[in-house]
Amino acid sequence: MEWVVFIEALQNCNHHFALHPKVVVAFFFFFIFTPLNFQSGSQFTHVWRRILQAFVPEGFPSSVTPDYVPFQFWDSLQGLSTYIRTMLSTQALLSAIGVGEKSATVIGATFQWFLRDLTGMLGGVLFTFYQGSNLDSNAKMWRLVADLMNDLGMLMDLVSPLFPSAFVFIVCIGSLSRSFTGVASGATRAALTQHFALQNNAADIAAKEGSQETLATMVGMAFGMLLARITVGHSVAIWFSFLSLTMFHMYANYKAVRCLILTTLNSERTSILLENFMKTGQVMSPQEVSKMENVLPLWASSWTLKNTKSLYTQINLGVRVSSLDRLEMTDLLRSAESHYKKAKYLLLERKGIISVITHKDSTASDVLQSFIHALVMANLVEKSGSIHSESQSWMDKHYEVFLLKLQSSGWKTERLLSPSIIWRANWICGSSDEKID
């Protein structure tokens, strides 16, 4: 029985090595590779394994996706840098409030802290109202943006002592930034936890991630207190340390989101996959697509991609019918009769922009089909005169094949991750007239 355990340990070690040799082997080599009956400190090894169970999911590594380890590695490093900087920014904030000064009053400091917290709470609610439905579809981008906003909030705290007259305004801006961070980071973390979970173990992964974050917090606080002690009274050293750690934090965050290999379909990944399929007839793997998709916001990505325009930026999904003018309504009714009698959506092209109107009874698969159809039409805008007929012909011949190849490559085709579609329409296509409500 002992030799069977030893063989399983070797197999697990090979599996760990295949995932991420630099991180996994260094972390798990000692307690997995060495069999219990070959070492004198078996009791120590048993305790070490029990401690480690508080930090890794049950059944690791087979219970999580291959990108779990590299993501957690970089995520822990960025968290560590965050907690070190927190000590510096908090020290500056308390100094600005008046801690340690005889002239400062308790009621004044309390009121300033109250305004700071109130601004953050209101900001979190407003951010959820405007962007809550968009967090799932762009988890990578919002994860990165969340930490950048946190950097801004810490910077405001560090700057606040330099401008006493504008102290309240500055700390409220910082609190507002951190409120965006709390909402976006929490929501995207939930989406990523679902992605990592291969055995319906999202709760276990979330709990172990909390343990890892707690450990990083304690280590970061210890280093932060040491750094604050060393740099106290030295403004240049404080700013140099803060900015250096901030640059590392941004780099670690970028590496973390770049490690993610998501298998769900959002607007950009679907666009990349379809464009490649229409050119080559092949479907790219999630690993290939993850290297191509942007993790920065569109306004930032446009700086580096000035000459390229992705197809998904030409699609308006869930357009309101009442927003169309009379000419557009006429074209819409004509296309509904000739091209979309059986479809649960309508497409309208104007100046290269494809508007998608979804039926009130459309399902998640219908929304995905409508978006892919719109991408096909957008791809044909400059190549064909009759885009409705040609795009419909392409869908009839290739859509089912495209879906099957997506599934065989590991993509989830149940739904399209997109902002919530608020406006839906109802229409009836008959022999003599069409009705749109």
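Because the structure is predicted, anything quoted here is derived from the model rather than measured.

1. Details of the overall build of the chain
A count of helical and extended segments in the chain gives 15 helices and seven strands. Across the 437 residues that make up the chain, the buried fraction comes to 44%. A separation of at least 24 residues holds for 74% of the contacts in the chain among residues at least 6 apart in sequence. Total accessible area computed for the chain in this model is approximately 23500 Å², and 62% of it derives from carbon and sulfur atoms.

2. Some points on the packing of aromatic side chains
How two aromatic rings sit relative to each other is given by the distance of their centres and the angle of their planes. Within the structure shown, the criterion is met by eleven aromatic pairs. A centroid spacing of 5.6 Å and a plane angle of 45 degrees characterise the contact between Phe-71 and Phe-196, whose relative ring orientation is tilted. With Phe-71 in helix H4 (residues 68-97) and Phe-196 in helix H7 (residues 167-196), this pair connects stretches of sequence that are 125 residues apart. Like Phe-196, Phe-71 is buried. Between the aromatic rings of Phe-73 and Trp-74, the centroid separation amounts to 5.4 Å while the plane-to-plane angle is 75 degrees, which identifies the pairing as edge-to-face. For Phe-73, a relative accessible area of 34% translates into the label partly exposed. The exposure class of Trp-74 is buried, given its relative accessible area of 17%. One aromatic cluster in this structure is built from Phe-60, Tyr-68, Phe-71 and Phe-196. Lying over the aromatic face of Phe-242, Arg-85 brings its terminal NZ or CZ to 5.7 Å of the ring centre. A cation sits over an aromatic face here: Arg-320 above Trp-423, 4.0 Å from the ring centre.

3. As for helix H8 (residues 202-231)
The periodicity of an α-helix, 3.6 residues per turn, causes residues three or four places apart in sequence to face the same way. Between its terminal C-alpha atoms H8 stretches 42 Å, which fits the 44 Å expected from 30 residues at 1.5 Å a residue. Those residues of H8 not exposed but buried are Ala-202, Ile-205, Lys-208, Glu-209, Gln-212, Ala-216, Thr-217, Gly-220, Gly-224, Leu-227, Ala-228 and Thr-231.

4. Considerations on the side chain of His-373
As for its placement among the helices and strands, His-373 is situated in helix H14 (residues 364-380). In this structure, His-373 is in contact with Tyr-340, Tyr-345, Leu-347, Ser-391, Gln-392 and Met-395, ignoring residues within four places of it in sequence.

5. Remarks on the environment of Ile-173
By the secondary structure assignment, Ile-173 is in helix H7. Relative accessible area serves as the criterion here: at 29%, Ile-173 is assigned to the partly exposed category. Considered as a pair, Ile-173 and Gly-123 are 50 residues apart in the sequence and their alpha carbons are 9.7 Å apart.

6. Focus: the nonpolar core
Formed by 45 residues in total, the largest nonpolar core has its most connected members in Leu-273, Ile-315, Leu-347, Ile-357, Ile-372, Phe-402 and Leu-406. Counting residues per element, the ones that place at least two in this core are helix H10 (267-280), strand E3 (345-350), strand E4 (353-358), H14 and helix H15 (387-408). The biggest single contributor to this core is H14, with ten residues. Contact partners of Ile-357, with chain neighbours within four places excluded, come to Val-319, Val-321, Leu-324, Leu-332, Lys-344, Tyr-345, Leu-346, Ala-425 and Trp-427. Among the nonpolar cores identified, the runner-up in size contains 20 residues, and Phe-60, Val-64, Ala-252 and Ala-256 belong to it.

7. Here's the deal with the pattern of salt bridges
Enumeration over the complete set of coordinates arrives at ten salt bridges. When the shortest N-O distance is used, the salt bridge between Lys-140 and Glu-293 registers 2.8 Å. Of the two residues, Lys-140 sits in helix H6 (residues 139-159) while Glu-293 sits in the loop between helix H11 (286-292) and helix H12 (298-304), which places them 153 residues apart along the sequence. As far as burial versus exposure is concerned, Lys-140 and Glu-293 are alike and both buried.

8. A few points about H14
Helix length check: H14, at 17 residues, gives a terminal C-alpha distance of 25 Å against a target of 24 Å (1.5 Å per residue), a fit within 8%. Across the 17 residues that make up H14, a large majority, 14, are buried.

9. So, the confidence of the model for the chain
In the predicted model, the chain carries a mean pLDDT of 81, and 81% of its residues have values of at least 70. Taken element by element, the chain is modelled with least confidence in helix H1 (residues 2-19), mean pLDDT 38, and with most confidence in H10, mean pLDDT 94.

10. Looking at the packing of H6 against H7
Pairs of packed helices are described in terms of their axes, by the angle between the two and the distance that separates them. Two elements in contact, H6 and H7, have axes whose closest approach is 7 Å; the angle formed by their N-to-C orientations is 155 degrees. Here H7 runs roughly antiparallel to H6, going by the angle between their axes. As H6 runs across H7, the sense of the crossing is left-handed. In terms of residue class, the contact of H6 with H7 is made up of 15 nonpolar, seven polar and four charged.

11. A few points about unusual backbone geometry
Put simply, Phe-60 and Pro-61 share a cis peptide bond, and its omega is 10 degrees. Structurally, Pro-61 can be placed in the loop between helix H3 (42-52) and H4. Of note, the phi angle at Asn-200 is positive, near 55 degrees, even though the residue is not glycine. With respect to the element layout, Asn-200 can be found in the loop between H7 and H8.

Criteria and cut-off values
- Residues numbered from 1 in each chain as written.
- Predicted model: local features only at pLDDT ≥ 70, side-chain atom pairs only at ≥ 80, totals over all residues.
- Heavy atoms only, no water.
- Helix = DSSP H or I, 4+ residues; strand = E, 2+ residues; numbered from the N terminus.
- Buried < 20%, exposed > 50% of the residue type's maximum accessible area, 1.4 Å probe, protein only.
- Contact = heavy atoms within 4.5 Å.
- Areas by Shrake-Rupley, 256 points an atom, 1.4 Å probe, with all protein chains shown as cover.
- Phe/Tyr/Trp six-rings, centres within 6.5 Å; stacked < 30°, edge-to-face > 60°.
- Lys NZ or Arg CZ within 6 Å of the ring centre and 35° of its normal.
- Expected span 1.5 Å × (residues − 1).
- Core = buried A, V, L, I, M, F, W, Y, C linked by side-chain atoms within 4.5 Å.
- Salt bridge = Lys/Arg side-chain N within 4 Å of Asp/Glu carboxyl O.
- pLDDT = per-residue confidence, 0-100.
- Axes fitted to C-alpha atoms, helices over the stretch in contact; angles between N-to-C directions.
- Parallel < 35°, antiparallel > 145°, perpendicular 65-115°, else oblique.
- Left-handed = near helix turned anticlockwise from the far one by under 90°.
- Nonpolar A, V, L, I, M, F, W, Y, C, P; charged D, E, K, R; others polar.

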